[in-house]
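Residues per chain are reported as follows:
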Amino acid sequence: MLSNHYPIKDIQRIIGAAGTIINESTISTLLTDSRRISNASEGLFFALSGRRNGHEFIAEAYAAGVRNFVVKQQTEIKMPEANFLLVDDVLGALQKLAAYHRSRYKLDVIGITGSNGKTIVKEWLYQLLCVDKHIVRNPKSYNSQIGVPLSVWQISDKDNLGIFEAGISTTSEMEKLEPIIKPTIGVLTHIGSAHDEGFKDRSEKVLEKLKLFTHCKLLIHNYDQLIDYKKDIPVKNCFSWSQNFNQADLYVFAETVISRNYYLRAKYKGKEIECLIPFMDEASIENAIVCWATMLALDYSPEEADKRIERLSPVSMRLELKNGINDCSVIDDSYNSDVQSLEIALNFLNQQNQHPVRTLILSDIFQSGLQQDVLYRQVANMISLKKIDKFIGVGEALMARQDYFDSPQKYFFEDTQALLLQLNTLNFDHETILIKGSRSFEFERISQALTLKAHETVMEISLNALLNNLNFYKSKLKPGVKIMAMVKAFSYGSGTFEVANILQYNKVDYLAVAYIDEGVALRNSGIDLPVMVLNPEVSAFDKLIEYNLEPEIFSFNLLDEFVKYAQTNSLNSYPVHLKIDTGMHRLGFEDFEIETLCDLLEVNRYIKVKSVFSHLVASDAAEHDEFTKKQIKNFKRAYTQIEEALGYKVIKHIANTSGITRFPSAQYDMVRLGIGLYGIDAAIPANSGALQPIATLKTSVSQVKKVPKTDTIGYNRNGKLSADGKIATVRIGYADGYLRAFGNGVGKMLVRGNLVPTVGNISMDMCTLDVSNIDVREGDEVIVFNHEHGIEELAKQIGTIPYEILTNVSQRVKRVYFYE
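Presented here is a report on the structure given in the accompanying data block.

What counts and what doesn't
- Residues numbered from 1 in each chain as written.
- Predicted model: local features only at pLDDT ≥ 70, side-chain atom pairs only at ≥ 80, totals over all residues.
- Heavy atoms only, no water.
- Helix = DSSP H or I, 4+ residues; strand = E, 2+ residues; numbered from the N terminus.
- Rg over C-alpha atoms; globule rule 2.2 N^0.38 Å.
- Contact = heavy atoms within 4.5 Å.
- Phe/Tyr/Trp six-rings, centres within 6.5 Å; stacked < 30°, edge-to-face > 60°.
- Buried < 20%, exposed > 50% of the residue type's maximum accessible area, 1.4 Å probe, protein only.
- Lys NZ or Arg CZ within 6 Å of the ring centre and 35° of its normal.
- Arc of directions from axis to C-beta.
- Pairing = 2+ DSSP bridges.

1. Thoughts on the overall build of the protein chain
Counting secondary structure elements, the protein chain contains 25 helices and 37 strands. Rg of the C-alpha trace for the protein chain: 29 Å, near the compact-globule value of 28 Å for 820 residues, within the 12% margin. Taken along the three principal axes of its C-alpha coordinates, the protein chain extends 90 × 90 × 60 Å. Sequence separation of at least 24 residues holds for 64% of the intrachain contacts in the protein chain that already meet a minimum separation of 6.

2. Remarks on the packing of aromatic side chains
Considering all chains together, one arrives at 23 aromatic pairs under this definition. For the pair phenylalanine 239 and tyrosine 268, a centre-to-centre distance of 6.1 Å together with 50 degrees between the ring planes defines the contact as tilted. Taken together, the residues span a long stretch of sequence, with phenylalanine 239 in strand S12 (residues 238–242) and tyrosine 268 in strand S14 (residues 261–268) at a distance of 29 residues. The residues phenylalanine 239 and tyrosine 268 share a single accessibility class, namely buried. When the ring of phenylalanine 366 is compared with that of phenylalanine 441, the centres are 5.8 Å apart and the planes differ by 20 degrees; the resulting orientation is stacked. Residue phenylalanine 366 is found in the loop between strand S18 (357–363) and helix H11 (372–385), and its partner phenylalanine 441 is found in the loop between strand S21 (431–436) and helix H14 (444–450); the two are separated by 75 residues along the sequence. For phenylalanine 366, a relative accessible area of 41% translates into the label partly exposed. Residue phenylalanine 441 is classed as buried on the basis of its relative accessible area, which comes to 12%. Among the aromatic residues, those joined into a cluster by ring pairs are Phe541, Phe562, Tyr565 and Tyr574. The ring of tyrosine 404 carries arginine 377 above its face, with NZ or CZ at 4.0 Å from the centroid.

3. Description of helix H1 (residues 8–15)
Along H1, the positions that sit buried rather than exposed are Ile8, Ile11, Gln12, Ile14 and Ile15. The buried residues of H1 occupy an angular sector of 165 degrees when projected down its axis, which confines them to one face. Residues of H1 that are buried sit in contact with strand S1 (6–7), strand S2 (26–27), strand S4 (43–46), strand S5 (68–71), strand S6 (83–86) and helix H3 (90–103). Remark: glycine 16 follows H1 within two positions and exhibits a positive phi of approximately 65 degrees.

4. Some details on the pairing of S12
On any regular strand, side chains alternate: one points to one face of the sheet, the next to the other face. Of all five residues making up S12, four are buried, and the element is well covered by its neighbours. As paired strands, strand S11 (residues 218–222) and S12 are joined by four bridges and run parallel to one another. Bridge pairing in S12 places leucine 219 opposite cysteine 238. Pairing of S12 with strand S13 (residues 250–258) involves two bridges; the strand directions are parallel. Looking across to S13, one finds that serine 242 is bridged to tyrosine 251.

Laid out in structure tokens, this is it:
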């Protein structure tokens, strides 16, 4: 019997590492993140260097119990019990170890790649084939250079089929993933524009993706996509599908909508076959056809394929963080449950610090391939390690194993209905509640019961996009440069603790808010990062000190007031930040005031200057570069005088979002990242793919009406159609932040993929759209802005800036946070 337990000496040999083994260990778990340590005693930590240097977190991993490390350089910190395996390339060592592990197993593996649909197709193939096979697959969308080896490491004796997806962003990446996955069956999904920026043209991207199938015995693909690449396909035995060419093995020639399902007819082996797809959107239909073709290529009968595809369930790709009842937060992951995704969800739960109690509602887990006692002991151990305060188990298997769980509060229910009947007795209050359930348990009913009700206008915030943007700017920093993240004004309209939690978890160095009450809200939500307050009020100094907030000092009057407060309250060396006015002319000490400021600082023991900073006026505008350089020069002169007067070094920062990339010499000790964190930077071309918009504002249609061209629409009779037509009234108005300036055709929204103009004035709670030329129904989704119809475009429509659009979205618009 093969095992995924390796003696550390064997691993040293496999990856070709130097180093002396001082502690005989057995390894079963691969670790790459010091914040997510599990099974530490059998863990091997790879100190990866990318946007973060993993060597800086070795001590943290050691403190968590890890004793085995793969490193590029030896750490200077004394760790007497640790084994260090030295390699030239840590990521390469991780990949080499995973490839070796894969080579020991003779199971069939389906390798999936493409631009879009990889994760959906993988999860649907799992749903379709798990009846017959014991399947190992990537958790969620772990398809990167790191995610693939971590996924393949899960292969064990019990598995007889693997399904792994591979994602790439540039050339020379797939050749590293192919020997790790080593697929025997290939599936190519939709080829689109995703990651085009990493290749010189679409052809180069297709050829790179085809490398995954180098050693496959079968490839399933869309005939249309590879017409121009027939000579480049590395597989002799192919199964193709098409909606356009009857030469394909599966020729889909007809489609009809039947009761909100898609009915397809096709030619296969000279016969007509059919398939009912339980989805309506174009992407799902294409992904389902890929699965249909795969099942037929694997010799399933057309009847069996149709029967199984008709039962496909939607795949929830993301966790939703929402406001709950009784000041709770609800993390909704109510559509799937397996051990791997449970661990991911628990890690996200542990990032949340806004409430003192962490609660998990979990259903029985199906199709794990493990004996139930083994499975639930593993689950119980995971929950114990994550320090869950309240555990609620639903299902017969969990009820039968109540004694496995040691949470301070634990409750068990036979089914979802039994829990719903007792929900009010569980006294949810100031808790972060993770809802994690298999689809058959219908945990969406629990989510609805625990979530605050709100009207249908919602702003969705992608925490993954926020992380992408943070990591982009991190990649532009010189070594050792810190990041201060601006979370003022409700994080530019995007949320408070929801955004701050993920920034803290991803180790930004400072946060900045505009006013003291914003800082107090962060502290009350469990944020313990240093927080600078940009505009501290003298009347609120008590709160500033009580909550350990650090004031910006921008004038002699404010300095005098704070020093007097410090004297009265016996404060010594309290951290403050000095603002220098180098040309913005809002707040700050001017050039002629620096000498006097230095005199005051020399004799002052009540404060300690933590940083000196200034603000660039036009770092995004090339026409003002000479003025920006002048600002930087003035700043250097000011901080040099101040450091000389103080007799010690301070943190220096002047670069804002655009300054980070356009003036790297001005990064100094720290940069301040603002609107770029939220996906907007005038210095970065919008089509570069470097930044991702984090917000989508959506609403819905309340009513559709036919209106003759002779009638008027809305207040003051300002709205008219140019011809007899239709209008749709939608649930958003100026009280939600959709300003009156967008009225009378100035603003546009997306309805069923069509950009349609407003008609008439914008009202307080609603507005109307001209939908004369499209089929619209009550309840249809309406996009105010998203990645296609961007905030920048809305700003242009009314002659303002993206900041105003984002921060104007009112608090009554519900925010829902997604994490994939």
